[in-house]
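Residue-level structure breakdown
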Amino acid sequence: RHILLINGPNLNLLGKREPHVYGSTTLDDVIATVKSQALELGVELETFQSNHEGAIVDCIQEAAGWGPTVKSDEIKERKKVSAIIINPGALTHTSVAVRDALLGVDIPFIELHVSNVHAREPWRKHSYLSDKAAAVICGMGAFGYKAALEFAAKHMEVRED
Ligand code: DQA
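Residues numbered from 1 in each chain as written. Predicted model: local features only at pLDDT ≥ 70, side-chain atom pairs only at ≥ 80, totals over all residues.

Regarding its fold elements, the protein chain presents five helices and five strands. Along the chain direction, N to C, the helices and strands of the protein chain fall in the order β-α-α-β-α-β-α-β-β-α. Relative to the globule expectation of 15 Å for 161 residues, the C-alpha radius of gyration of the protein chain, 15 Å, shows essentially globular dimensions. Out of the 161 residues belonging to the protein chain, those deemed buried represent 32%. A separation of at least 24 residues holds for 72% of the contacts in the protein chain among residues at least 6 apart in sequence. (Helix = DSSP H or I, 4+ residues; strand = E, 2+ residues; numbered from the N terminus. Rg over C-alpha atoms; globule rule 2.2 N^0.38 Å. Buried ≥ 20, exposed ≤ 12 C-beta atoms within 10 Å, placed from the backbone. Contact = placed C-beta atoms within 7 Å.)

Let us now look at the UniProt feature "site: Transition state stabilizer" (unreviewed entry) in the protein chain. As recorded in UniProt, the sites labelled "site: Transition state stabilizer" (unreviewed entry) are R17. Its location among the elements puts R17 in the loop between β1 (2-7) and α1 (19-22). Classification of R17 as exposed rests on a count of 11 C-beta atoms within 10 Å. The residues contacting R17, other than those within four sequence positions of it, are N10 and Y22. (UniProt positions renumbered as here; feature names shortened; annotations may be inferred.)

Our next topic: the UniProt feature "binding site: substrate" (unreviewed entry) in the protein chain. When the UniProt feature table is mapped to this numbering, "binding site: substrate" (unreviewed entry) covers N87, H93, D100, V114, S115 and R124. The greatest C-alpha distance among the residues just named is 24.3 Å, and with 38 residues of sequence between them they are spread in space as well. Secondary-structure assignment places H93 in the loop between β3 (83-87) and α4 (96-105). Discounting residues that sit within four places of it in the chain, H93 has contacts with W123, R124, H126 and S127. Within the secondary structure layout, V114 lies in the loop between β4 (109-113) and β5 (135-138). Among the residues examined, V114 registers 24 C-beta atoms within 10 Å and is labelled buried. In contact with V114, not counting residues within four places along its chain, are Y22, G23, N87, G141, A142 and G144.

Right, let's talk about the pairing of β1 for a bit. Where burial is concerned, most of β1 is hidden: five out of the six residues are buried. Direction of pairing for β1 relative to strand β2 (residues 44-49): parallel, over a ladder of six bridges. Bridging across to β2, H2 finds its partner in E44. By the bridge criterion, five bridges tie β1 to β3 in an arrangement that is parallel. Directly across from L4, in β3, lies its bridge partner I84. (Pairing = 2+ DSSP bridges.)

It is worth spelling out the site of the ligand at this point. Taken together, N10, N87, G89, A90, T92, H113, V114, S115, V117 and R124 make up all the residues around the ligand. Here the shell around the ligand is built from residues that sort into three nonpolar, six polar and one charged. (Near = placed C-beta within 6 Å. Nonpolar A, V, L, I, M, F, W, Y, C, P; charged D, E, K, R; others polar.)

In this model helix α2 (residues 27-41) runs 21 Å from its N-terminal to its C-terminal C-alpha over 15 residues, within 8% of the 21 Å that 1.5 Å per residue would give. Restricting attention to buried positions, one finds in α2 the residues V30, V34 and A38. Buried residues of α2, seen end-on, are gathered within an arc of 70° and therefore sit on one face of the element. Exposed and oriented more than 90 degrees from the buried face of α2 are D28, A32, S36, L39 and E40. Two residues or fewer after α2 comes G42, characterised by a positive phi angle close to 70°. (Expected span 1.5 Å × (residues − 1). Arc of directions from axis to C-beta.)

Counting residues in each nonpolar core, the largest one holds 35 residues, and the members touching the most others are I3, A63, I84, I85, L149 and A152. Where this core is concerned, the elements lending two or more residues are β1, α2, α3 (53-63), β3, α4, β4 and α5 (143-154). (Core = buried A, V, L, I, M, F, W, Y, C linked by C-beta atoms within 7 Å.)

Rendered as structure tokens:
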């Protein structure tokens, strides 16, 4: 399995930003942990973080071999990524474009939040992704990333091609 982990806006500040909400583990710590976990699980793990909505859309398209940099005669290329884990940050609550990209590539995904979005401002309860996600994780802190990777590696139904 080839798994892609995407972190959206402000998650580069994990561990520094609002530690009472998001904890003190940094994104580098999270990535080091899940990379070694991926080795143990025998899966390939790619990671990507961006503060820019369009860059995340590009990354999702590229996961299917359909990125804007791929020429049309290469579009038949088989899918490369079998599952996506995404913490979309605030794009969760705003982005039709990220939703459309995930549906467009038709790669199963896990939606992940460090904090419990249901115990915060009411507008954080709404997600543009949850109704299409294979699983939704929230409120587990940085451990959520480990839970998501183990699920994606061992339990998730994916197309193996
Ligand atoms: C978040 C929750 C979002 O509401 C927020 O905008 C974030 C992080 C989380 O991991 O808890 O940036 O996705």
